[in-house]
Amino acid sequence: MADAFSAAEELALTLTRGGMQKMTSRVLAALLFSEQETITAGEIADRLGASPGSVSGALKSLGSVGLIERVPAPGSRRTHYRFPDDGWARLMSTQNAMIGYMRDAADRGLDTVDGDSRARRRLSEMRDFYAYLMRELPAVIDRWYATREDTGNPD
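Since the structure is predicted, the reported quantities are computational estimates derived from the model, not experimental observations.

(A) Fine view of the overall build of the protein. Across its full length, the protein carries six helices and three strands. Going from N to C terminus, the protein has its helices and strands arranged as α-α-β-α-α-β-β-α-α. Its C-alpha radius of gyration of 20 Å places the protein more than 25% over the 15 Å reference for a compact globule of 155 residues. The principal-axis extent of the C-alpha atoms belonging to the protein is close to 65 × 40 × 35 Å. Taken across its 155 residues, the protein has 32% of its residues classed as buried. A total accessible area of about 10200 Å² is found for the protein, and carbon and sulfur atoms account for 53% of it.

Following this line, the structure appears as structure tokens:
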């Protein structure tokens, strides 16, 4: 069995290839692979051999899309973080806003192009695609939650 640190770094590399910032990917992987219920920014920085500032920036980024949450830790003055049980569904839910922005941008673009142009066809497809996602994604997320409830699997 491969060691967890190597597997976490491999996951981080995959996330980076997918477009996530390198340190954000590494911090997310550290959270996912942690056996602790919660972890501090300092502990993450120590594990990754990273600066506290870079970890802090990554935590802010992950928090803004719902992939981490701050949690109280009685007796500790430090902020503790964890990956939420429904982190992936939260992420997709926050993507609804971006999908709406993309659809709206295509719609605004359509107002500026001629009737039967290549640009109009491309922008129409873009608008229609994002409109479709706006309609479908909430139902996909609901089905995901229902599947988890049916199986009784909180993890």
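Okay, back to it.
(B) Representation of helix α4 (residues 52–64) within the structure. Under the 1.5 Å per step criterion, the end-to-end length of α4 is 18 Å for 13 residues, consistent within 8% with the ideal 18 Å. Every buried residue of α4 is accounted for by Val 55, Ala 58, Leu 59 and Leu 62. Buried residues of α4 fall within an arc of 105° about the axis and therefore sit on the same side. For α4, the exposed residues set more than 90 degrees away from the buried face come down to Gly 53, Lys 60 and Ser 64. In the core, the buried residues of α4 are packed alongside α2 (22–33), α3 (41–48) and β3 (80–82). Gly 66, located one to two residues past α4, shows a positive phi value of around 85°.

(C) Layout of the nonpolar core. Core analysis: the largest hydrophobic core is formed by 19 residues, its most contacted members being Val 27, Leu 31, Ile 44, Leu 48, Val 55, Leu 59 and Leu 62. Mapped by element, the contributors of at least two residues to this core are α2, α3 and α4. Counting residues per element, this core draws most heavily on α2, at five residues. Excluding its chain neighbours within four sequence positions, the residues that come into contact with Leu 59 are Val 27, Leu 31, Ala 41, Ile 44, Ile 68 and Tyr 81. Of all hydrophobic cores here, the second largest spans five residues; its members include Ala 89, Ile 99, Leu 137 and Ile 141.

What counts and how
- Residues numbered from 1 in each chain as written.
- Predicted model: local features only at pLDDT ≥ 70, side-chain atom pairs only at ≥ 80, totals over all residues.
- Heavy atoms only, no water.
- Helix = DSSP H or I, 4+ residues; strand = E, 2+ residues; numbered from the N terminus.
- Rg over C-alpha atoms; globule rule 2.2 N^0.38 Å.
- Buried < 20%, exposed > 50% of the residue type's maximum accessible area, 1.4 Å probe, protein only.
- Areas by Shrake-Rupley, 256 points an atom, 1.4 Å probe, with all protein chains shown as cover.
- Expected span 1.5 Å × (residues − 1).
- Arc of directions from axis to C-beta.
- Contact = heavy atoms within 4.5 Å.
- Core = buried A, V, L, I, M, F, W, Y, C linked by side-chain atoms within 4.5 Å.

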